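Letter by letter, the chains look like this.
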Amino acid sequence: MSITVDQVNKHFGSYHALVDINLTVPDGKLVALLGPSGSGKSTLLRAIAGLEPPDTGRIIINGQDTTHLDIRRRNIGFVFQHYALFKHLTVRQNIAFGLDIRKRSPKQIKDKVEELLRLIQLQGLGDRYPSQLSGGQRQRVALARALAIEPQVLLLDEPFGALDAKVRKELRSWLRRLHDEVHVTSVFVTHDQEEAMEVADEIVVMNQGKIEQVGSPQEVYDHPATSFVMEFVGEVNILPGTAGFLDGSVKNTTSIPNVPPSHTQVFIRPHDLEIHAENEAQAKPAIVKRIIHLGWEILVELELPDGREILANMSREKFARLPIESGQVVYIKPRHARYFIDPKSNAYNSVPVVVNR
């Protein structure tokens, strides 16, 4: 079932929480609303659910305008961050709750509950109470309860936010597998970039109540539409255009002609920064301040001549071939960089300029 958000606005007093939101979630897709606190992602999710009716605009689900439709008639499954399970009910009874309300037959309820217990891999735990389960198991039960009513869409508001890092990672993989099996159109809220990249088919990046970009994880990471997306999704070094990287290539672009480096910022991913022991053409000197061994890769903290700090990643193999140590002068240059207009300049639109080598 597809979801269409058409020109939606939402205010809380003088605060404009959602600004002219237009979004389409295709049928059967798993979509992440990604952004920092206060970006509007949870408000948008609640607007789709009917918990926060928009001031203007429409919410359309499967072709039906549900903007003013009673929540109970929307057939939406909603999963909260803190489980919201009934403590006095067993796992089976929690999962069956929505089916009981809908007056399904005992056999239908029993069959559906057993099917969902298998789906969430909690067979044999149906007679336990929530207090007898781990956090990850409780969240699986919450998901099963939401799926029991066979909703048109499934909405999840930071479903793994209350769990520790290891359990979060396990449940992310499980949620992706679950979605591939049930294929219900799903939207989940997260502020965790890695979570969105790992789980979602599409990512909607939000900031200050607006949508900055919609795209696949690869599109959002490799082709960010704005400086905010570039900075928020993945690690990145941000330097002024006057730092001298790429020898002023921004002047030669036709995308933003005649923009001086003083009005630009250059964005370089740490894995796109090469480190050389000897000076090379277009390379810049830097001092190695710290070397951090992360197991699968090496993170190098560097200091430029003007005192600015910059990060670079390299593989263990490259590090072994290029032994470096703290205090050593090395030479760096980017394999790939992206320029954006500095928003503080107030003189130009935020138009990206890509420089590939």
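Residues numbered from 1 in each chain as written. Predicted model: local features only at pLDDT ≥ 70, side-chain atom pairs only at ≥ 80, totals over all residues. Heavy atoms only, no water.

Enquirer: How do you make sense of the overall build of the chain when you look at a structure like this?
Expert: On a plain count of helices and strands, the chain comes out with 9 helices and 19 strands. With the principal axes as the frame, the chain shows a C-alpha extent of 75 × 45 × 30 Å. Of all intrachain contacts in the chain linking residues separated by at least 6 positions in sequence, the fraction that spans at least 24 positions is 67%. For the chain, the exposed surface amounts to about 17300 Å²; the carbon and sulfur share of it is 48%. Positive and negative side-chain charges in the chain, numbering 42 and 43 respectively, have mean positions lying 5 Å apart. (Helix = DSSP H or I, 4+ residues; strand = E, 2+ residues; numbered from the N terminus. Contact = heavy atoms within 4.5 Å. Areas by Shrake-Rupley, 256 points an atom, 1.4 Å probe, with all protein chains shown as cover. Lys, Arg positive; Asp, Glu negative; His and termini not counted. Charge placed at Lys NZ, Arg CZ, Asp CG, Glu CD.)

Enquirer: What am I meant to see in the environment of D180 here?
Expert: Tracing the chain through its elements places D180 in helix α5 (residues 165-182). The spacing of D180 and A283 is 103 residues in sequence and 46 Å in space, taken between C-alpha atoms. There is a polar contact of 2.6 Å between the side chain of D180 and the side chain of R176. (Polar contact = N/O pair within 3.5 Å; in protein donor to acceptor, adjacent residues only side chain to side chain.)

Enquirer: I keep staring at the nonpolar core and nothing clicks. Help me out?
Expert: Within soluble globular proteins, side chains that are nonpolar tend to cluster in buried spots. Ranked by size, the top nonpolar core spans 45 residues in total, and within it I95, I120, V141 and L154 carry the most contacts. Per-element tally for this core: the top contributor is helix α4 (residues 135-148), with 7 residues. Residues contacting V141, with those up to four places away along its chain left out, are L85, V91, N94, I95, I120, L122 and L133. (Core = buried A, V, L, I, M, F, W, Y, C linked by side-chain atoms within 4.5 Å. Buried < 20%, exposed > 50% of the residue type's maximum accessible area, 1.4 Å probe, protein only.)

Enquirer: Would you mind showing me how to read the sheet that holds strand β4 (residues 56-61) here?
Expert: Through backbone hydrogen bonds, the strands of a sheet pair up, either in parallel or in antiparallel fashion. Spatial ordering of the open sheet is given by β2-β1-β4-β5, a layout of 4 strands whose pairing is antiparallel. Among the strands making up the open sheet, the edge pair consists of β2 (15-25) and β5 (64-65). Pairing between strand β1 (residues 3-12) and β4: 5 bridges, direction antiparallel. Residue pairing in the sheet places D6 in a bridge with R58 of β4. (Pairing = 2+ DSSP bridges.)

Enquirer: Any chance you could explain the environment of T242 here in plain terms?
Expert: When you line up the elements, T242 lands in the loop between β11 (237-240) and β12 (264-268). The class of T242 is exposed, set by a relative accessible area of 54%. C-alpha separation for the pair T242 and H263, spaced 21 residues apart in sequence, amounts to 8.7 Å. Once residues lying within four places of it in the same chain are set aside, the contact partners of T242 are P261 and S262.

Enquirer: Can you help me understand the side chain of R269 in this one?
Expert: Within the fold, R269 resides in the loop between β12 and β13 (273-276). Although buried, R269 forms no salt bridge, and the nearest oppositely charged side chain, D272, lies 5.8 Å from it. At 3.2 Å, the side chain of R269 forms a polar contact with the backbone oxygen of M230. In contact with R269, not counting residues within four places along its chain, are Y221, M230, V233, G234, E235, V236 and N237. (Salt bridge = Lys/Arg side-chain N within 4 Å of Asp/Glu carboxyl O.)

Enquirer: I keep staring at the pairing of β12 and nothing clicks. Help me out?
Expert: Along any regular strand, the residues point their side chains to alternate faces of the sheet. Counting buried positions along β12 gives 5 out of 5 residues, so the element sits mostly inside the fold. Both faces of β12 are covered, namely the face carrying T264, V266 and I268 and the face carrying Q265 and F267.

Enquirer: Can you help me understand a nonpolar patch on the surface in this one?
Expert: A contiguous nonpolar patch, built from L51, I71 and F80 and spanning about 230 Å² of accessible area, is present on the exposed surface. F80 sits in the partly exposed class, given a relative accessible area of 36%. (Patch = residues over 30% accessible without salt bridge, like charges linked within 9 Å, V, L, I, M, F, W, Y side chains within 5 Å.)

Enquirer: Which parts of the structure should I look at to understand α4?
Expert: Given 3.6 residues per turn, any residue in an α-helix points the same way as the ones three and four places further on. Its 14 residues give α4 an end-to-end C-alpha distance of 20 Å, which sits within 8% of 20 Å, the value for a rise of 1.5 Å per residue. Taken across its 14 residues, α4 has 11 buried, putting it largely inside the fold. When we look at burial in α4, the residues that qualify are G136, Q139, R140, V141, A142, L143, A144, R145, A146, L147 and A148. Elements that come into contact with the buried residues of α4 comprise β6 (76-79), α2 (91-101), α3 (106-119), β7 (153-157) and α5. Just past α4, the residue E150 takes up positive phi, approximately 50 degrees. (Expected span 1.5 Å × (residues − 1).)

Enquirer: Any chance you could explain the sheet that holds strand β3 (residues 30-34) here in plain terms?
Expert: An order of β6-β7-β8-β3-β9-β10 is seen for the 6 strands of this open sheet, with the pairing classed as mixed. For this open sheet the edge positions go to β6 and β10 (210-215), each flanked by a neighbour on one side alone. Pairs of neighbouring strands in the sheet enclose a mean axial angle of 15 degrees, with direction left out of account. (Axes fitted to C-alpha atoms, helices over the stretch in contact; angles between N-to-C directions.)

Enquirer: Help me out: how do you make sense of the packing of α2 against α3 in this one?
Expert: Packed helix pairs are characterised by how far apart their axes lie and by the angle those axes make with each other. Following both chains from N to C, one finds α2 and α3 inclined at 130 degrees, their axes separated by 10 Å at the closest point. By the angle class used here, α2 and α3 are oblique. The chirality of how α2 crosses α3 is right-handed. Within the contact between the two elements, α2 uses V91, R92, I95, A96, L99 and D100 and α3 uses I109, K112, V113, E114, L116 and L117. (Parallel < 35°, antiparallel > 145°, perpendicular 65-115°, else oblique. Left-handed = near helix turned anticlockwise from the far one by under 90°.)

Enquirer: Would you take a moment to explain α5 for this structure?
Expert: For α5, which comprises 18 residues, the first-to-last C-alpha distance of 26 Å matches the rise-based estimate of 26 Å (1.5 Å per residue) to within 8%. Along α5, the residues that are buried comprise R168, L171, R172, W174, L175, R176, L178 and H179. Where α5 is buried, its residues contact β3, α3, α4, β8 (185-190) and α6 (193-199). Count one or two residues on from α5 and you reach H183, which has phi positive near 55 degrees.

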